[in-house]
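Descriptive structure summary
Okay, here's what each chain looks like letter by letter:
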Amino acid sequence: MSKISVLAEKSLQPGKGHRIPPEAYFDTDWQNRETIELFEKVWCFAGVVGDIPEPGDYLTVKVGRAPVLVVRDRENNVRAFHNFCRHRGAQLLDGSGHCATISCPYHAWNYGLDGELRKVPQHEEQFADMKLEDWPLLPASCEVHAGMIFVNVTKTPVPLAEWLGELGEYLNHYDLSKLVELRKVEYPLNSNWKYFAENHIDWLHLFYLHAKTLNMYDHNNGHWVQSGDHWMGFEVPEPTKLEEIEKRQEGLLPIDGIEPAKGQYGAHLLFPNLPLITNERSFTIMELKQDGPTRSKLSIRMFATPGSVLPEARKEDSEVMREDQLAAERMQMTVESPFTEVGPLALEYESPVTEFHDSYLRYVSLP
């Protein structure tokens, strides 16, 4: 029996419990399957509409193994295409920026912002039998929801609104096209991305890991809901700590259309890798990216009403973030030991972890 199958048998629990075997957090072959079976099958966050405000503005992302470019066309539509030339497959665009047309840096095949091949420069006689209309850029599915851009590289994906479900309905209250970005920072994590995602939805750790840093919230009276593959959680304030919460919001203006929630704090996970933080004055996106099987990157972007000023408490790395990072990295430190095993999970407060595992394993099959 292989080491992998032994570890899988040891780790999986009947009923509510930890479903994913240890190698999912450190094995390169497992990560390769995850890339293909998960990230190439789901809707993936690409950016916000404010990243490409004008026709010709573009950004590039990697969806699983597939490089994708997202561009605003001349009719102001947001489009996505596979980011390679139809001639020899060279990558067309890098990073983000602006272009009047999309030109291949290798042999100068030129495409319009609508993806149509416009011109094969000079040497047209070398392609005498080729029809330009037969060689447009290959499209990828692209939809915008609440000012957030999502792409999907499957041929016939489920509509984005259906995929988002109840979480999508909640996000409709936050239109990022009307908000401004106050902060953007990226953290390297010495852990698999799943450890940070699991920590984000683990209600039990709020009482212990964040005993001091989040003690302004009444964890016993918060609530969460599993919505399809996604998760929505809401914290309520300790009545005596409202002033402390208000101080952390100083400089942030209320967001139009959001009912005052008296300090309520939302922590959500748009499956698989997009933690979100919401309240009545800000919207924060936390995108987790693979960086090898034992490392990841966390990009944090905070949005608020125009005219808002970033509170002093938000300008530096938050203690809460450092605590979460430490938790994820300490899990990574031991997962490769042949003696490490997972014990019983809390029946209620850690059940979101089981739900996350169930969703994950609907895409990534066990060996």
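First, a word on scope: everything that follows refers to the structure included in this document. (Residues numbered from 1 in each chain as written. Predicted model: local features only at pLDDT ≥ 70, side-chain atom pairs only at ≥ 80, totals over all residues. Heavy atoms only, no water.)

Things to note about the side chain of Thr213
Note the threshold: Each helix is a run of H or I in the DSSP string that is no shorter than four residues. Each strand is a run of E no shorter than two, and both are numbered from the N terminus. A simple rule labels every residue: compare its accessible area, found with a 1.4 Å probe on the protein chains alone, to the largest value its type can have, and call it buried under 20%, exposed over 50%, or partly exposed in between. The term polar contact refers here to a pair of N or O atoms within 3.5 Å; inside protein, the definition further demands a hydrogen-donor-capable atom paired with an acceptor-capable atom, and it admits residues adjacent in sequence only when both atoms are side-chain atoms. Two residues qualify as a contact provided that any one of their heavy atoms is within 4.5 Å of a heavy atom in the partner residue.
Inspection of the secondary structure puts Thr213 in the loop between helix H4 (193-201) and strand S12 (223-227). Residue class for Thr213 comes out buried when judged on its relative accessible area of 19%. A distance of 2.7 Å separates a polar atom in the side chain of Thr213 from a polar atom in the side chain of Glu323. If near-sequence neighbours (up to four positions away) are discounted, Thr213 is found in contact with Glu319, Val320 and Glu323.

As for H4
By the criterion of burial, H4 is predominantly enclosed, with 9 of the 9 residues buried. Those residues of H4 that sit buried are Trp193, Lys194, Tyr195, Phe196, Ala197, Glu198, Asn199, His200 and Ile201. Capping the start of H4 is the job of one residue whose side-chain oxygen sits 2.9 Å from the backbone nitrogen of Lys194: Asn192.

A few points about the environment of Val48
With respect to the helices, strands and loops of the structure, Val48 is situated in strand S1 (residues 44-48). Put simply, Val48 and Leu176 are 128 residues apart on the chain and 7.2 Å apart in space, counted from C-alpha to C-alpha. Not counting chain neighbours up to four residues away, the residues in contact with Val48 comprise Gly147, Met148, Ile149, Leu176, Ile285, Arg301 and Phe303.

Description of the nonpolar core
Condition: We define a nonpolar core as any set of buried Ala, Val, Leu, Ile, Met, Phe, Trp, Tyr and Cys residues linked to one another through side-chain atoms lying within 4.5 Å.
Core analysis: the biggest nonpolar cluster contains 79 residues, and Val70, Met148 and Ile285 have the highest contact counts within it. A total of 6 residues in this core trace back to one element, the largest contributor, which is helix H3 (residues 160-171). In this structure, Cys99, Ile102, Cys104 and Trp109 belong to the second largest nonpolar core, which totals 17 residues.

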